[in-house]
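# Observations on the model geometry
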Amino acid sequence: MTSSAIRDLLKVISQLGVISLAGGLPAPEGFPIDALLAACERVLRSPDARTALQYSPSEGLPALRRWVAESLPWPVHEDQVLITTGSQQALDLVAKALIDKGSVVLVGSPSYLGAQQVFTTMQAKMVSVACDADGMLPEDLAAKAAGARFLYLQPNYENPTGTCMSAERREAIGQVAARLGLVILEDNPYGDLWYRQPPPAPLAAKLPENTIYTGSFSKILAPGMRLGYLVAPMKLYQTLVKFKQAADLHSASFNQHVVLEVLRDGFLDRHLPAIRELYQRKRNAMLAALDRHMRGLGASWNRPSGGMFIWLRLPEGLSATALLPRAVEKGVAYVPGTPFFAGDADERALRLSYVTATEAQIDAGIALLAKVVQEALEA
Ligand code: PMP
């Protein structure tokens with residue numbers, strides 16, 4: 001089953017009444033509807049309403065760029081910030097600027113499928129670097145980095161595994177990159193979704209001249225706003241702006257005004273603790289359900305400290321791809337791990353998303369999945 005066949009299957013599940021633990025969709029009950037409504041009203045009633053509805057600079061609204069620069073935990077000048085249409089577009093712009101046909105791009109094994117798809121459109125050659133529960137392995141990176149255009153990394157609560165890279169690993173990966181002059185594309189859409197303690201500092205804070213950093217408003221406000229950003233060293237910034245102009249002139253002026261209006265008075269200081277609480281509760285619900293239903297079957301899973309995903313390995317001999325149609329038939333869906341691997345895939349791995357479903361659905365979904373696993377083991 002190819003990744004597009006999996007996507008087709010996942011498209012139909014919503015119509016079948018299947019419990020979906022598949023999609024990487026933020027919890028809709030976390031969307032700040034009242035704050036967005038009030039901000040829309042203020043934007044449209046302000047004397048500047050017509051500016052918010054007009055074309056605007058490709059780099060983004062100056063005040064929003066300033067907000068981003070000031071929100072980051074290392075010295076960033078607002079002139080280094082480019083507002084993008086989701087952080088997905090930031091990945092696309094970087095790919096267009098840095099990849100030629102056949103260029104080597106280093107990705108984790110496994111790594112975010114949407115980034116690999118972008119790099120593939122530019123005809124990159126993906127080389128995968130081994131990872132463990134603490135993140136990417138520096139020795140494997142050093143062995144594979146020669147001649148690579150850049151390293152794509154998600155240090156915080158990675159999609160698909162939920163891994164948060166340890167501080168020691170960040171240090172070691174940063175040292176390899178600095179020694180080899182390797183550019184890092186640090187993708188951080190999940191960093192604010194920590195539960196008990198914030199993640200270690202980004203690599204960009206240590207290596208600002210080597211790193212292009214991307215962030216997103218999708219997981220802290222709402223993905224439908226389609227707003228993200230990148231922070232680039234000045235030597236690369238103008239090239240990225242040129243690709244941004246060519247792509248869509250600028251990201252929606254109105255959405256930028258609304259988001260800025262929402263953020264202005266410290267809204268996130270109130271909103272983020274509630275989201276963290278909600279997501280931690282859902283993670284706990286899934287861990288409890290796994291413990292209740294899946295224990296003793298020979299499967300294993302991790303315990304993410306933030307983000308939206310649990311990475312599960314099925315018992316020996318089972319394939320997550322082969323099992324998916326049976327799981328959907330029973331009434332539960334997940335994403336098989338295979339498409340996330342650029343190199344050798346782990347057939348047993350799958351991604352469970354715990355933030356979109358209700359706690360009751362999580363329990364019922366994991367119970368169904370355990371039944372499918374049990375039956376497959378007996379077959
Ligand atoms: N990077 C990663 C790792 C993601 O998981 C996603 C969304 N699934 C994105 C980037 C893109 O998000 P957005 O365009 O909504 O900011």
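Model, not experiment: these values are computed from the prediction.

On to the overall build of the protein chain. The helix and strand inventory of the protein chain stands at 14 helices and 14 strands. Relative to the globule expectation of 21 Å for 379 residues, the C-alpha radius of gyration of the protein chain, 21 Å, shows essentially globular dimensions. Across its three principal directions, the C-alpha atoms of the protein chain cover 65 × 50 × 35 Å. Taking all 379 residues of the protein chain together, 47% fall into the buried category. Across the protein chain, contacts joining residues at least 24 apart in sequence account for 75% of those joining residues at least 6 apart.

Before going further, it helps to examine the nonpolar core. Counting residues in hydrophobic clusters, the biggest one holds 108 residues, and the most contacted among them are Leu151 and Val259. If you tally residues by element for this core, the top one is helix H14 (residues 359-378), at seven residues. Every residue in contact with Val259, bar those within four places of it in the chain, is listed here: Leu64, Phe217, Leu221, Met225 and Leu227.

Strand order in the open sheet formed by eight strands is E2-E9-E8-E7-E6-E3-E4-E5, and the pairing between neighbours is mixed. The strands lining the two open edges of the sheet, one partner per strand, are strand E2 (81-84) and strand E5 (135-136). Strand direction decides the pairing type here: strand E3 (residues 104-109) and strand E4 (residues 125-132), joined by six bridges, are parallel. Following the sheet pairing, Val107 is matched in E4 by Ser128. Of the strands in this sheet, E2, strand E6 (150-153), strand E7 (184-187), strand E8 (211-216) and strand E9 (228-231) are in contact with helix H5 (residues 86-98), which crosses E8 at around 155 degrees.

What follows deals with the pairing of E3. Among the six residues of E3, five are classified as buried, and the element is accordingly described as predominantly covered. A crossover connection joins E3 to the parallel E4 through helix H6 (residues 113-121); in handedness this β-α-β unit is right-handed. Two elements, E3 and E6, share two bridges in a ladder whose sense is parallel. When the bridges of E6 are listed, Leu106 appears paired with Leu151.

Pairing in this open sheet of four strands is antiparallel, and the strands run E10-E11-E14-E13 from one edge to the other. Every interior strand has two partners, whereas the edge strands, strand E10 (300-301) and strand E13 (335-336), have only one.

With that settled, the discussion passes to the pairing of E9. Along E9, one buried face is formed by Gly228 and Leu230 and the opposite face, lined by Tyr229 and Val231, is buried too. Strand direction decides the pairing type here: E2 and E9, joined by four bridges, are antiparallel. Residue pairing across strands places Ile83 opposite Tyr229, the latter belonging to E9. Direction of pairing for E8 relative to E9: antiparallel, over a ladder of four bridges. Residue Thr214 lies in a different strand from E9, and its bridge partner there is Leu230.

As a structural note, the neighbourhood of the ligand is formed by 14 residues, with Gly86, Ser87, Gln88, Ser216 and Ser218 the closest of them. A per-element tally of the shell around the ligand places H5 first, with three residues. Of the residues in the shell around the ligand, the class split is three nonpolar, ten polar and one charged.

Looking at the secondary structure, you find Tyr195 in the loop between E7 and helix H9 (203-206). Sequence spacing of Tyr195 and Ala205 is ten residues, and the spatial spacing of their C-alpha atoms is 22 Å. Leaving out residues up to four positions away in the same chain, Tyr195 has contacts with Arg276, Gln280, Ser305 and Gly306.

Turning our attention to unusual backbone geometry. With an omega dihedral of 10 degrees, the bond running from Ser109 to Pro110 counts as a cis peptide bond. Looking at the element boundaries, Pro110 is found in the loop between E3 and H6. With an omega dihedral of 20 degrees, the bond running from Asn159 to Pro160 counts as a cis peptide bond. Even without being a glycine, Gln123 presents a positive backbone phi close to 60 degrees.

For the rest of this paragraph, the subject is the confidence of the model for the protein chain. In this model, the protein chain carries a mean pLDDT of 96, and residues with pLDDT of at least 70 account for 98%. Overall fold confidence (pTM) sits at 0.97, and the ipTM for the predicted complex is 0.99.

Our next topic: the packing of helix H12 (residues 267-293) against H14. Look at H12 against H14: their axes get within 9 Å of each other, and the N-to-C directions meet at 30 degrees. Put simply, H12 runs roughly parallel to H14. Crossing of H12 over H14 shows right-handed handedness. On H14, the residues that touch Lys282, Ala285, Met286, Ala289, Leu290 and His293 of H12 are Glu359, Ile362, Asp363, Ile366, Ala367 and Ala370. Broken down by class, the residue content of the contact of H12 with H14 amounts to eight nonpolar, one polar and three charged.

Conventions and cut-offs
- Residues numbered from 1 in each chain as written.
- Predicted model: local features only at pLDDT ≥ 70, side-chain atom pairs only at ≥ 80, totals over all residues.
- Helix = DSSP H or I, 4+ residues; strand = E, 2+ residues; numbered from the N terminus.
- Rg over C-alpha atoms; globule rule 2.2 N^0.38 Å.
- Buried ≥ 20, exposed ≤ 12 C-beta atoms within 10 Å, placed from the backbone.
- Contact = placed C-beta atoms within 7 Å.
- Core = buried A, V, L, I, M, F, W, Y, C linked by C-beta atoms within 7 Å.
- Pairing = 2+ DSSP bridges.
- Axes fitted to C-alpha atoms, helices over the stretch in contact; angles between N-to-C directions.
- Right-handed = clockwise from strand over helix to strand, strands pointing away.
- Near = placed C-beta within 6 Å.
- Nonpolar A, V, L, I, M, F, W, Y, C, P; charged D, E, K, R; others polar.
- pLDDT = per-residue confidence, 0-100.
- Parallel < 35°, antiparallel > 145°, perpendicular 65-115°, else oblique.
- Left-handed = near helix turned anticlockwise from the far one by under 90°.

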